[in-house]
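Descriptive analysis of the structure
Read off the chains here:
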Amino acid sequence: MRVSVSWLREYVDLPADLPAGDLEQALVDLGIEVESIEDLRESVTGPLVVGEVLEIEELTGFKKPIRFCRVDVGAANGTGEPQEIVCGARNFAQGDKVVVILPGGVLPGNFAIGARKTYGRTSAGMITSAKELGLGDDHSGIIVLPEDTPAKPGDDARPVVGLDDVVVELEITPDRGYALSVRGLARELSHALGVPFRDPAAIPAPGGTAEPAYPVEVRDPVGCDRFAARMVRGIDPTVETPGWMRQRLTVAGIRSISLAVDITNYLMLELGQPMHAFDADRVSGPLVVRRAEPGEKLTTLDGVTRTLSPEDLVICDDTGPISLAAVMGGETSEVIATTTDVLFEAAHWDPATVGRTARRHKLFSEAAKRWERGVDPALPLVALEKAVRLLSEHAGGTVGGEVLDIDHVRPRTPISLPADLPSRRVGVAYAPERVVELLEQVGCTVAGGADRLGEDPGEVGVAAAGAAPVLSVTPPTWRPDLTDPADLVEEVVRLDGYDRLPSVLPTAPPGRGLTWQQLRRRAVARSLAERGYVEVLAHPFVSPELADQLRLPADDPRRPAVRVANPLSEEEPLLRTTLLGPLLGILKRNVGRGLRDLAIYEIGAVFHPRPGVGAPPAMGVDRRPTDEEFAAADAVVPDQPRHVAVALAGEVEPAGWWGGGRPAGWADAVEAGRAVLTAAGIPADRVTVRAAERAPWHPGRCAELRVDDTTVGYAGELHPAVVATLELPRRTSAMELNLDALPAPALVAGPGISTFPPALIDVALVVADSVPAAEVERALAEGAGELLEGVRLFDVYASEQLGAGRKSLAYKLTFRAPDRTLTVEEAVAARDAAVARAAERFGATLRGA
C-alpha cells in the first residue's frame, strides 16, 4: 500500500520535523514492513512549472498524431516568451493548464530534459504525465490540472501535483487488514509515537430507516452479514474529481475514473471499507444477494466474461448477476458518463468466501485484497455518509433520506486472558495494569478497566487464591484477527516493544543427534548425487488425470488420492501417491528448455488416504488436545511413507572425439535402485532383483527390487504409451523405492582383511534366456560356500551356436581363505560346487563343456 504522509497527518499529529528514518523505525517496531519511503521533492530536479497551452498545431505526415504546442510558462524560462514543445498526447486542449518540465530538469530514472529537434520542430521541454513524474502508472495522457487550480503559469508545479510530499510504501501482512487504510495506519502510529489520533470514522451517521434506499434481499446472511445502501439523485455527471482527491488516488496507484467511482476508492483507502457505486437507472428491479447458480456468467468491469461458481457471492437484479460481490462490479450497472442517479453500496462480506472467489477467477482487486484480510463491520453506514456528502458537495444532487441497513453482524465474543500470560509466554514482566493499558490502547474493552483491576473478582475473575486475575477482553470491531489469548499476548508484546524481548539462545538437549532415518536419507541423497543425479523438489500436488496418464490399473492402490480442501490450483487438487508424476513433469520441463541429458532424483513423502475415515475433530488453541482428540485427528491424517525416485533421459556417457556415448536405459535405473539400497545399509546378499510387470514401466524392461521377501520398489524403462502421453524422450527410465519399507540397518562390524592371495576363476554358464542373471548369481553364491569372497557378472552372450532361447552368462568368482593360501584343489572344488548348484536349480551348463 502506498500512502502520503500529508494524508496521515490529517488524523495523527506526527511531529513536524519527524525524520523519514524515525517514521520507518516506528512502523517496523509495530510489525509493519516498510518497502520504501520516498521524498517526492527529490524525485524530480530542475524547473517543473505550471504551464497554460496557448496554441496547438497538428503535425501531419507522421506514423502517429503529433502536436506542436506553444505553452505559457511565465518567467520560468528566463524570457517570458511562450515555450515551444512537441507532444504526442491528445487529452488536452487550448487553454488547459498542464505540468511542464523545462530544459535542465531531470525526471525519475535519471531522464534528463533538454532542447532537441524532433518531427521537424524544436522541442524545448516536456509536458508530463503522471507516470513520467513517478506519481503512478497512468501513461495514457498528460496531467491536465483542474480549471480552479489557483497556480498561474510559471509557478512551481510540485505543490500542485503532490511532489512536495513524502510517500510511504508498505507491505501489509495478511493478519493486519486494518492497516490497509489511512485510518488503521494513523491509529498504529499514534500508539508508536504517543501522539493524538483522530478517527476519520468518528462522525454521526444516520441509521437504517423503515423505507429502504433501494429494495434489497440478502439470501445468504453468512456470506453477507451486513448490507447498507444510500441514494444520491440528480448529480451533474460532467463534474470532474477534485484535484486533491485525484492526487491521493494517483499516489496510491489507483487511476481516476469518475467522481462517484473515485469517491468509493478514496474512502476505501481512507477508512478501509470497500464500496461500490451503481447507476440506479441501469439497475432493473430489486437487488438480491445470493450465491451464483451453476453456469451463470457475468462480464466484470475489466471486460472479461466470467463463468461463475456456486460458491461465488453475487449481487443480482431482474436481469441476473450485476456484480461479483466484494471483488468487482459488472459492466451492465457501472457508473457511466451520463449517470445522474447513484446508488452507493457498503456491505460486510465473509473473508474466506471472497478469498476463494478472487483466487478462482484470478481477480485480485484492491477490494478483494481487503475483504480477505477482514474489514470493520461497523463501517458501512459511516462510509455511506461520507460518500453521499462528498458526491453532493462536488456534483450537486439530492441525498435521499432513506437508508438501507440489513444487519446480521454478531457481537464479538469476549476472550478470557490470564493477566500473567504475556509474562509467562515471553519472559518479560508485564504488570497486570500495563497489560490492560496496552489492550485498551488497541481498542479492546477490558472488563473492569485498569483502575479497578483485581478489585472485583466478579468483574475481572480470579483463577484461585493468589493467582493472577483473568481478564475478560472484547476486541474492537476493526480487529477480526484477535480471536484467541495468544493474539492478545502478541498485541501486548508488540505495543510494549519487541526490543524489550530478551535474546536467549536455547540450550540444545544433550545426547541427541540425527535419527537413523535421517542418516539413511542423507546417505541415499549423497550416494545419488555422487553418481551424477541432480536433486529436485517437486510440488506434491497432481491432477486427477495423472493416474490415467501413468496407465495405473483400476485396482491399483496408487489411484485413490487425498483431495486438498483449498488447492493452490484447481487443475492439481490431489496429493501425489507416487513421486513419478511430479518428477517426470520436471524432466519434461527441462527437456523443453533445451536440456537433453538428464538424471534427476527426489526424496519425499507420498500420501495414501486411509479408507473409511471421517472429518477431523475441531480443536482450538486455548488448551492442549486430549489423547482421544489426538488419536481421532491422527486417524484422519493420510499415510505418508517417504519414497526416493530417479528419472533418466538422454546419454549417461556423452559422445565426443573419444567415441560414441551411451544412452541411459533400464539398467541404469536398476543400478540406481541398487545404489540406494547399498547406501541405506542393506547387504547385497539380502537384495533380490527380478523381472516384473508394473505400471508405468515397460512390461519387458521392469525390475522388482526386493529386500528379503519384501518388495520395496521397481525400476526400468517407462512404457512407450506413458512416454508418448507425457511427451517425454524415448526410452525414458525411472526408479521408485519406498525408503520406509526398508528394515533398520544392523550394527555393521568392520570387515576382516585377509593377507592371503585370492584365487580368481571365471565360469561361463549357458541357461535359458528367461532366467534372471541375479538368480544365477545367488545360486553360485549359495553353492560356493564360505570360501567365496565375491561374484560379478562381466559378460552376457547369445549366438546361433548356443541355440535359440539360450544365453551365456560369464561370472568372475573370487575365492579366499582368511587363514591360509588356497590350494588349486580347494578353489576348483568350490567352483564346481557353485556350478553344480546353478545346474541343479536352472539346468545351467558350462559353456564349451
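Since we're looking at a predicted model, the values are computed, not measured.

Description of the overall build of the protein
On a plain count of helices and strands, the protein comes out with 20 helices and 43 strands. Its C-alpha atoms give the protein a radius of gyration of 38 Å, more than 25% over the compact-globule value 29 Å for 849 residues. If you line up the protein on its principal axes, its C-alpha atoms span 115 × 90 × 55 Å. In the protein, which comprises 849 residues, the proportion classed as buried is 46%. Of the contacts made within the protein by residues no fewer than 6 positions apart, 71% connect residues no fewer than 24 positions apart. If you average the places of the 88 positive and of the 122 negative side-chain charges in the protein, the two averages end up 7 Å apart.

Structural notes on the pairing of strand S23 (residues 342-349)
With respect to burial, S23 is a largely interior element, eight of its eight residues being buried. Alternating residues of S23 divide into Val342, Phe344, Ala346 and His348 and Leu343, Glu345, Ala347 and Trp349, and every residue in both groups is buried. The pairing of strand S15 (residues 224-233) with S23 spans eight bridges and is antiparallel. Paired with Phe227 across the bridge in S23 is Ala347.

Topic: the environment of His719
Tracing the backbone shows His719 in the loop between strand S38 (710-718) and helix H18 (720-725). Not counting chain neighbours up to four residues away, the residues in contact with His719 comprise Arg551, Pro696, Trp697, His698 and Pro699.

Focus on the sheet that holds strand S27 (residues 445-446)
Reading across from one edge, S26-S28-S27 is the order of the three strands in this open sheet, with antiparallel pairing throughout. Pairing within the sheet leaves two strands with one partner each, and these edge strands are strand S26 (415-418) and S27. Relative to strand S28 (residues 470-474), S27 is paired through two bridges, and the arrangement is antiparallel. The residue of S28 that forms the bridge with Val446 is Val473. Seen against the sheet, helix H12 (residues 485-496) touches S26 and S28 and runs at an angle of roughly 55° to S26.

Notes on helix H17 (residues 666-679)
Taking 1.5 Å per residue as the helical rise, H17 with its 14 residues ought to reach 20 Å, and the 20 Å between its terminal C-alpha atoms agrees with that figure. When H17 is considered as a whole, its buried residues turn out to be Asp668, Ala669, Val670, Ala672, Gly673, Ala675, Val676 and Leu677. Following H17 by one or two positions, Gly681 adopts a phi angle in the positive range, close to 85°.

Focus: the sheet that holds strand S40 (residues 759-768)
Strand order in the open sheet made by the four strands is S41-S42-S40-S43, with antiparallel pairing throughout. Edge positions in the sheet fall to strand S41 (788-797) and strand S43 (845-846), since each has one partner strand and no second. Strand direction decides the pairing type here: S41 and strand S42 (residues 806-815), joined by eight bridges, are antiparallel. The partner of Gly790 across the bridge, within S42, is Thr814.

Thresholds applied
Residues numbered from 1 in each chain as written. Predicted model: local features only at pLDDT ≥ 70, side-chain atom pairs only at ≥ 80, totals over all residues. Heavy atoms only, no water. Helix = DSSP H or I, 4+ residues; strand = E, 2+ residues; numbered from the N terminus. Rg over C-alpha atoms; globule rule 2.2 N^0.38 Å. Buried < 20%, exposed > 50% of the residue type's maximum accessible area, 1.4 Å probe, protein only. Contact = heavy atoms within 4.5 Å. Lys, Arg positive; Asp, Glu negative; His and termini not counted. Charge placed at Lys NZ, Arg CZ, Asp CG, Glu CD. Pairing = 2+ DSSP bridges. Axes fitted to C-alpha atoms, helices over the stretch in contact; angles between N-to-C directions. Expected span 1.5 Å × (residues − 1).

So far we have only geometry, and geometry alone does not tell us how the molecule works.
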